[in-house]
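Analysis of the macromolecular model
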Amino acid sequence: MKQDIIYIIRKALDSLNTEWGIALPDIEVEVPRDETMGDIATTVAMRLTKLLKKPPRKIAEEIVAEIAMQQPGYFENIEIAGPGFINFRFKQEYILKGLQSLLEEEHSSLRSDIGKGAKIQVEFVSANPTGPLHIGHGRGAAVGSALCNILKAAGFDVQKEFYINDAGLQVKLLGRSVYARYQQLLGNNVPFSEDGYKGDYVEDIAKDIHEREGDKYLNKTYEECGELISDYAYKMMLANISTDLKDFGVEFDRWQSEKELHEQGKVENAINTLRSKDLIYEKDGAVWFSSTRFEDDKDRVVRKQDGEYTYFASDICYHKDKLDRGFDTIVDIWGADHHGYIPRIRSVLEAFDLPKEKFRVILIQMVSLLRHGVPVQMSKRAGAFITLREVIDEVGPDITKFIFLTRKADSQLEFDIDVAKEQSAENPVFYVQYAFARISSLFRQAEGKGVQFTPASVDLSALKEDEEILLIKKLLLYPMVFEGTALACEPHRITYYLQELAGVFHAYYYKHRIISDDNGLTLARLSLCRGVKIVLDEGLKLLGVSAPERM
């Protein structure tokens, strides 16, 4: 639908441009929010106003007249609204032809090769391996995984990456916390640090070490055994994180260790590269990066007075390493509290000659967990937050993932456990999955009644009801939604669309009998249901959510 309309508008503009003689702008089309305004609209006339020095409505009249003269046979009517919007309403024949194409081409008709093989790296979750994943990490995992699925479907060469923060003070603090619990477990009353990790999982790690090593470290100082305990503790946490993500349906192509970057000398090499660009200087005994020469509000320390590299130095190196691996575009998915970090990383990438538009950051806002509208208390296992594991164990990965994707990533989200467990329209994932299962049930009923269904031979002209035309139009809009989702890196658009499609389908199902004594009408309506099922399956697959045949 989108490509057809763009082609028709472009053809009209090319014809008119023999007189205008201007550089034509790109053509953008959109779906009007008000259905009475047509099926699809363009603002191209308003974009031409400055170039042609004419009122936009006058330009719109010329475009509409040219399209009408060419008579493509697509439109029931074309109207001009407001200052120069051009609204198109398709003929029923065109709409039915679109449904037939969907039935014949299935999933291939729903995707477009936007990426054309461009390499894109998406880094997400990247939680400190010092505790269990919380529900905020889970939301980031859902967004990142769905985005990667969408980008792959759009023709990008995608790599999913988890950055392991295993070289900083937090890992050492985890080690000290486990060390203290280990000693206390064996009767040695070592004081526990006030800023230590206090969740039950710390004691679990200590018990695990005791089961494996016995009293080997009893009464030893932290200096004597701390490195071994820290290494064991963070690796155990990282294994748990990996397991939780896998059970959530999220896997990575690469796990990049910060510690390895230091050991391989890459951090020092990255700083030296910036030094060769005259972007590194020394002041007050520290080493600084001249980030104010780009977008940052102040220069940043990369090496402290004591000779230790800062976290920022590791991030400089890590992002240079991404570029060295040949990625055309870099997408970082961070918690919303990292908003202030964007300018400094952007300044680094600009320093390494990556164009601004090739670096994108998606911020993940907080998730508030509720039961019957009341906030849930903190988790005893985690010590200060609700873990992802607790939620997926209670409501399942499908429901958890879908709800995480019901709102734009940078909008706060309320997740009501009890609503998530309901089998009703209030539960968004149930509403969508049930539409798929309901259609599957219809086809089982049809088979049981001996209905011979072959989509290619069905006469779709029997689909004349308003609800049927509305449902077909909704199906034909999916490729536009998909393309917009991929370009904007906003997976929630697919979720919105699936909820709307399910709503239109359920309303149609309740009003019209699908399988009846009229064989021709039955086959046409089953074809329409088949189209809905194809699109639901495609959308759910991209979100990483299952499409059950039975519920």
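Analysis parameters
- Residues numbered from 1 in each chain as written.
- Predicted model: local features only at pLDDT ≥ 70, side-chain atom pairs only at ≥ 80, totals over all residues.
- Heavy atoms only, no water.
- Helix = DSSP H or I, 4+ residues; strand = E, 2+ residues; numbered from the N terminus.
- Buried < 20%, exposed > 50% of the residue type's maximum accessible area, 1.4 Å probe, protein only.
- Contact = heavy atoms within 4.5 Å.
- Areas by Shrake-Rupley, 256 points an atom, 1.4 Å probe, with all protein chains shown as cover.
- Pairing = 2+ DSSP bridges.
- Axes fitted to C-alpha atoms, helices over the stretch in contact; angles between N-to-C directions.
- Expected span 1.5 Å × (residues − 1).
- Phe/Tyr/Trp six-rings, centres within 6.5 Å; stacked < 30°, edge-to-face > 60°.
- Domains from an automatic or database assignment.
- Buried area = accessible area lost by both parts, 1.4 Å probe.
- Salt bridge = Lys/Arg side-chain N within 4 Å of Asp/Glu carboxyl O.
- Polar contact = N/O pair within 3.5 Å; in protein donor to acceptor, adjacent residues only side chain to side chain.
- Nonpolar A, V, L, I, M, F, W, Y, C, P; charged D, E, K, R; others polar.
- Core = buried A, V, L, I, M, F, W, Y, C linked by side-chain atoms within 4.5 Å.

What the chain contains, in helices and strands, is 21 helices and 15 strands. Along the first, second and third principal axes, the C-alpha set of the chain runs to 90 × 65 × 35 Å. Here the chain holds 551 residues, and the buried ones make up 52% of them. A sequence separation of at least 24 residues applies to 72% of the contacts in the chain between residues at least 6 apart. Carbon and sulfur atoms make up 47% of the accessible area of the chain, which amounts to about 25700 Å² in all.

Remark on secondary structure: sheet strands pair via backbone hydrogen bonds, oriented parallel or antiparallel. Reading across the sheet, the three strands line up as β8-β9-β10 and stay open at both edges, with antiparallel pairing between neighbours. This sheet does not close on itself; its edge strands, each paired only once, are β8 (280–283) and β10 (300–303). Neighbour-to-neighbour, the strand axes of the sheet open up by a mean angle of 45°, direction not taken into account. Both strand β9 (residues 286–289) and β10 contribute to a ladder of three bridges, which runs antiparallel. Residue Phe 289 lies in a different strand from β10, and its bridge partner there is Arg 300. Set on the sheet, helix α11 (residues 266–276) makes contact with β8, β9 and β10; between it and β8 the angle comes to about 95°.

Another point: helix α6 (residues 135–153). Relative to the 27 Å expected for 19 residues at 1.5 Å per residue, α6 spans 27 Å between its end C-alpha atoms, a close match to the ideal helical length. Most of α6 sits out of view: 17 of its 19 residues are buried. At the C-terminal side of α6, Gly 155 shows a positive phi close to 95°.

This paragraph deals with the packing of aromatic side chains. Per the counting criterion, the structure on display carries 25 aromatic pairs. With centroids separated by 4.5 Å and ring planes inclined at 25°, the aromatic side chains of Phe 162 and Trp 255 adopt a geometry described as stacked. On the criterion of sequence distance, the pair formed by Phe 162 in strand β6 (residues 157–164) and Trp 255 in strand β7 (residues 254–257) is long-range, its members being 93 residues apart. A relative accessible area of 0% places Phe 162 in the buried class.

Moving on, we come to the environment of Lys 421. Of note, Lys 421 is situated in helix α16 (residues 417–421). The partly exposed category is assigned to Lys 421, whose relative accessible area is 44%. Linking Lys 421 and Glu 394, residues 27 residues apart in sequence, is a C-alpha distance of 8.7 Å. In this structure Lys 421 touches Glu 394, Val 395 and Asn 427, once residues within four positions along its chain are discounted.

So, on to the domain arrangement of the chain. The domain boundaries assigned to the chain delineate domain 1 (2–90), domain 2 (169–244) and domain 3 (425–543). Counting residues at the interface gives nine residues for domain 1 and five residues for domain 3. For the pair domain 1 and domain 3, the summed buried area comes to about 530 Å², and 61% of that belongs to carbon and sulfur atoms. Ranking the residues of domain 1 by area buried against domain 3 places Lys 2, Val 31 and Asp 39 at the top, with a combined share of 64%. In this structure, the connection of domain 1 to domain 3 is made through one salt bridge. Between Asp 39 and Lys 473 there is a salt bridge; the shortest N-O distance is 2.8 Å. Our count for the contact surface shared by domain 1 and domain 3 stands at one residue pair in polar contact (both at pLDDT 80 or more). Among the elements of the structure, α1 (2–20) and β1 (29–30) are those that each provide at least two residues to the side of domain 1 that touches domain 3. Split into classes, the residues belonging to the side of domain 1 that touches domain 3 amount to three nonpolar, one polar and five charged.

Where β8 and β9 come together, four bridges link them in antiparallel fashion. Considered in β9, the bridge of Lys 283 is made with Ala 286. Here β8 hands over to β9 after two residues, with Asp 284 in that stretch at a positive phi of 55°.

Take the nonpolar core next. Ile 63 and Phe 415 are the most contacted members of the largest nonpolar core, which has 147 residues in total. The leading source of residues in this core is helix α21 (residues 519–543), at 12 residues. Apart from the residues lying within four places of it in its own chain, the contact partners of Phe 415 are Val 367, Ser 368, Leu 369, Leu 370, Val 391, Val 395, Thr 400, Ile 403, Phe 404 and Ala 420. If you look at the next biggest cluster of nonpolar residues, it comprises 30 residues, including Ala 270, Val 287, Ile 316 and Ala 351.

For Asn 219, which is not glycine, the phi torsion reads 65° and is therefore positive. Counting through the fold element by element, Asn 219 comes out in the loop between α8 (200–213) and α9 (222–247). Taking relative accessible area as the criterion, Asn 219 reaches 55% and is therefore assigned exposed. Even without being a glycine, Cys 489 presents a positive backbone phi close to 55°. Tracing the sequence through the fold places Cys 489 in the loop between α19 (478–488) and α20 (492–511).

Taken as a whole, this structure holds 32 salt bridges when the rule is applied. Ionic pairing is found between Lys 235 and Asp 231, a salt bridge with its closest N-O pair at 3.2 Å. Of the two residues, Lys 235 and Asp 231 both sit in helix α9, four residues apart, roughly one turn of that helix. You can call Lys 235 partly exposed: its relative accessible area is 45%. Judged by relative accessible area, which is 25%, Asp 231 ranks as partly exposed. Ionic contacts of the salt-bridge type, sharing partners, join the residues Glu 161, Arg 254, Lys 266, Asp 321 and Arg 325 into one network.

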